Amino acid sequence: MTAENEVSQDAPSIDQARDDLAYLSSIVADRKPSLHAAGVLYGWAGILYGAQCLISWIGMVTPLEYPKIVHFANGILPTVIFLVICVVVSRTNKVKGYGKGFATRAISSVFGGAGLANFALVAVFALAAFRRDDFTLWLFYPVSVCALQGAVWYAAAVMRRRWWMGIVAGGWLVTAVVASLFTEMPQHYLLVLTIALFVLMGFPGYAFMRISRNEEASV
């Protein structure tokens, strides 16, 4: 056997070793700042949609009557503002290059998959409510989203090994069950969602940003 043949046989093992090192490097890179973008989006979503539910709840439980423009703004503005934030965060994220770690990419994929599933759930419940002329069916859409959030946070808790993420997961699952009991009582239903959005979405978003800052400082 010639030296050239020995080199050619060793080449695959060298390439495999390089691939293994690249994989390990991707895991180590998870210590780099990565959760800031997710925290901004999640936190703002909790604040905006929590405020939306809160305003609607106040209109139901108090004698206060909102003008039509307030109802219109409350229905449209949170989504418009959130889309603007998404664009800004997306551009900033490309510049800073967050999310290079293996676990971070996995968590981002889970949250992204949940976001895509939300679009399907919107279609399912909207069509069912329209065809059956029963708005109550639509109220189970947020309930399903809460359950989906619980599953996503459970996956994040396992991958990141953070106990508080497990608590958030449990909170979302409990919210789904409790909200489903109040679909025929709009005031209680909205109150449950308002609390969940502020506590289980707004605060975790802030926690994500804090974790990102701490990881950035440790790099």
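Residues numbered from 1 in each chain as written. Predicted model: local features only at pLDDT ≥ 70, side-chain atom pairs only at ≥ 80, totals over all residues. Heavy atoms only, no water.

Peer 1: Residues and numbers for the overall build of the protein, please.
Peer 2: Looking only at helices and strands, the protein features eight helices and zero strands. Each helix and strand of the protein, ordered N terminal to C terminal, gives the series α-α-α-α-α-α-α-α. In the protein, buried positions account for 33% of the 219 residues. Within the protein, counting contacts between residues at least 6 apart in sequence, those at least 24 apart form 76% of the total. Surface accessibility of the protein: about 13,500 Å² in total, with carbon and sulfur atoms responsible for 69%. (Helix = DSSP H or I, 4+ residues; strand = E, 2+ residues; numbered from the N terminus. Buried < 20%, exposed > 50% of the residue type's maximum accessible area, 1.4 Å probe, protein only. Contact = heavy atoms within 4.5 Å. Areas by Shrake-Rupley, 256 points an atom, 1.4 Å probe, with all protein chains shown as cover.)

Peer 1: So, helix 6 (residues 140-160): which residues are in play, and what are the values?
Peer 2: For helix 6, with 21 residues, the first-to-last C-alpha span of 30 Å sits near the 30 Å given by 1.5 Å per residue. Where helix 6 terminates, the next one or two residues include R161, which has phi positive at roughly 60°. (Expected span 1.5 Å × (residues − 1).)

Peer 1: Give me the packing of aromatic side chains: which residues, what numbers.
Peer 2: All told, the structure shown has five aromatic pairs when counted by the stated rule. Between W153 and W164, the ring centres sit 5.8 Å apart and the planes meet at 55°, which makes this aromatic pair tilted. A residue pair is termed long-range when its members are at least 10 positions apart, and W153 in helix 6 and W164 in helix 7 (residues 163-181) qualify at 11 residues. (Phe/Tyr/Trp six-rings, centres within 6.5 Å; stacked < 30°, edge-to-face > 60°.)

Peer 1: Tell me about the nonpolar core, residues and numbers included.
Peer 2: W153, W164, M165 and W172 are the most contacted members of the largest nonpolar core, which has 33 residues in total. Secondary-structure elements contributing two or more residues to this core are helix 2 (36-61), helix 3 (68-96), helix 6, helix 7 and helix 8 (186-218). When residues in this core are grouped by element, the largest group, 11 residues, is from helix 8. (Core = buried A, V, L, I, M, F, W, Y, C linked by side-chain atoms within 4.5 Å.)

Peer 1: Quick one: what's the story with the confidence of the model for the protein, residue by residue and with numbers?
Peer 2: Per-residue confidence for the protein gives a mean pLDDT of 79, with 73% of residues at or over 70. Predicted confidence in the protein is weakest over helix 1 (residues 3-28), with a mean pLDDT of 50, and strongest over helix 7, with 94. Counting contacts from residues 6-11, a segment whose pLDDT is below 50, to residues more than four positions away or on other chains yields two contacts. Taken as a whole, residues 23-33 scores under 50 in pLDDT and shows 24 contacts with residues more than four places along the chain or in a different chain. (pLDDT = per-residue confidence, 0-100.)

Peer 1: Now, about a nonpolar patch on the surface: what can you tell me, with residues and values included?
Peer 2: A contiguous nonpolar surface patch, about 720 Å² in accessible area, is contributed by I69, F72, I76, L77, V80, I81, V84 and V88. Relative to the elements of secondary structure, V80 occurs in helix 3. (Patch = residues over 30% accessible without salt bridge, like charges linked within 9 Å, V, L, I, M, F, W, Y side chains within 5 Å. Salt bridge = Lys/Arg side-chain N within 4 Å of Asp/Glu carboxyl O.)

Peer 1: Describe in detail the side chain of N74, supporting the description with residues and values.
Peer 2: Considering the arrangement of structural elements, one finds N74 in helix 3. With near-sequence residues (within four places) excluded, N74 lies in contact with A51, Q52, I55 and S56.

Peer 1: Describe the environment of H36, with residues and values.
Peer 2: For H36, the position within the fold is in helix 2. Along the primary structure H36 and M209 are separated by 173 residues, whereas in three dimensions their C-alpha atoms are 4.6 Å apart.

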